[in-house]
Amino acid sequence: MNIDELVKIVGNELKEDAKLNYLYSITLVFDVKSCIRIGTGGAKREAFLPVLKISYGEKYCPVIPESSWRGALRKIGEIVAKSSIKQPKNFKEKILLSHYEPEEGPIEHLIVKQIKEENEKNIEKLAEYDIVERFVPTREEAKNALEPMITYLCPICRLWGGPGTRSRIILEDTILQEYKPYTRTHVGINRSTRTREEGQLYTPEYVYIKQLTLHLTVYNIKPKTIEAKILAGTLNWLTKLGLSIGSSKSRGVGHLTLNNEKSHAYIAEFNNITSPHKLIQTIVDITSTCEKIPLNKLIDYLK
């Protein structure tokens, strides 16, 4: 892949993304099969470990932040994406297979090193293109634009976000207003000796709730594309295997199963809307102009 070809591909994607073509509103309803624990974070272990709460109205309520949902769904999406490709057929699939998320540090794409080596003598040519200013502050930094340009083309990053690339999927925090608190005392374990720590009892807080609802807004994911197939595969995974969220998952905490009867979606294809009034109304409230469909119909539409 030479620099000219890369710039052309990125330019075409930017042009396609310049307008809103597709919008999906998805509601996922989960039946909770166990208690849930979303902790407050921090490495220090206290005697009592409360769940994460926020001020909501006149009381404090447990919350599942969008980052917890996003992390769990993104992990499923990555598994679906990489397991579905054995031999890459195009440049995007090569980028996808090179996608790497280390335990610490930013997301990387291993193909960037290969492109740099192939274009070692003319990497500075990036500065000749106006498009480079979309990815770095100035043209003098053009050689640093390669990683964000590849990130922009990566199907996983286009769906869930990456360095310099905004996610196409918008999630919401889930506030738990009706719940039952529960505590359980555990013995601290010394990770070196794998035996119990003397005087290290701790009591984490859990919450019980019957159902959880998650709303997703997805924009500009064209059906039949790699991104659409990853999204379809992720939703299909949820219908069959459910989802685990929060901490203490090894103890069976945080397991959710999707309620297919209550989950649903709306699809808006803006290229097919000719009325300006309907166009605006759809953007403001997709439920007022589009048909409510079961989740399996959205999955079939995407893939």
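In case you missed it, the structure is sitting above this.
No experiment lies behind these values; they were computed from the predicted model shown.

Attention shifts here to helix H4 (residues 111-118). Those residues of H4 lying buried are Ile111, Val112 and Ile115. Each buried residue of H4 sits inside an arc of 105° when the element is viewed along its axis, so together they form one side. Exposed residues lying more than 90 degrees from the buried face of H4 are Lys113 and Glu117. In this fold, the buried residues of H4 make contact with helix H3 (91-98), strand E6 (108-109) and helix H5 (146-153).

This part is about the pattern of salt bridges. The tally for this structure, following the rule as stated, stands at 13 salt bridges. For Glu78, the salt bridge is made with Arg74, and the minimal N-O distance between the two is 3.3 Å. Residue Glu78 and its partner Arg74 are both found in helix H2 (residues 66-83); the two are separated by 4 residues, about one turn of the helix. The shortest N-O distance in the salt bridge between Glu227 and Arg158 comes to 2.8 Å.

So, on to the pairing of strand E12 (residues 211-219). On a regular strand, each side chain points to the face opposite its neighbour's, so the side chains alternate between the two faces of the sheet. As judged from the 9 bridges shared by strand E1 (residues 22-32) and E12, these two strands associate in the antiparallel manner. Residue pairing for E12: Phe30 is matched across the bridge by Leu212.

Moving on to helix H9 (residues 295-302). Because each turn of an α-helix spans 3.6 residues, side chains separated by three or four positions in sequence point in the same direction. Turning to H9, its buried residues are Leu295, Leu298, Ile299 and Leu302. Angular distribution of buried residues about the axis of H9 spans 100°; they occupy a single face of the element. The secondary structure elements touched by the buried residues of H9 are E1, helix H7 (226-241), strand E14 (255-258), strand E15 (264-269) and strand E16 (292-294).

A few words now on the sheet that holds strand E8 (residues 174-175). Strand order in this open sheet of 3 strands is E3-E4-E8, and the pairing throughout is antiparallel. The sheet terminates laterally at strand E3 (53-56) and E8, the two strands that pair on one side only. Two strands pair when backbone bridges link them, and strand E4 (residues 59-64) and E8 are joined in this way by 2 bridges, in the antiparallel orientation. Paired with Val63 across the two strands is Ile175, which belongs to E8.

The next subject is the environment of Lys143. Secondary-structure assignment places Lys143 in the loop between H4 and H5. Look at Lys143 and you get partly exposed, because its relative accessible area is 46%. On a C-alpha basis, the gap between Lys143 and Ala268 in space is 39 Å, while along the polypeptide they are 125 residues apart.

The rules behind the values
- Position numbers for residues count from 1 along each chain, tracking the sequence in the order it is written.
- Two thresholds apply to this predicted model, a pLDDT of at least 70 for residue-level local features and 80 or more for giving and counting side-chain atom pairs, whereas whole-chain, interface and lining totals are computed over all residues.
- Side-chain descriptors were evaluated using all non-hydrogen atoms of the structure, hydrogens and water having been removed beforehand.
- Partly exposed describes any residue whose relative accessible area lies between the buried limit of under 20% and the exposed limit of over 50%, with all areas from a 1.4 Å probe on protein chains only and scaled to the type maximum.
- Only DSSP runs of H or I reaching four residues or more are called helices, and only runs of E reaching two or more are called strands; each is numbered from the N terminus.
- The directions considered for the arc run from the helix axis to the C-beta atoms.
- Should any heavy atoms of two residues lie within 4.5 Å, those residues are counted as being in contact.
- Here a salt bridge means any side-chain nitrogen of Lys or Arg lying within 4 Å of a carboxyl oxygen belonging to Asp or Glu.
- What makes two strands pair is DSSP finding at least two bridges between them.

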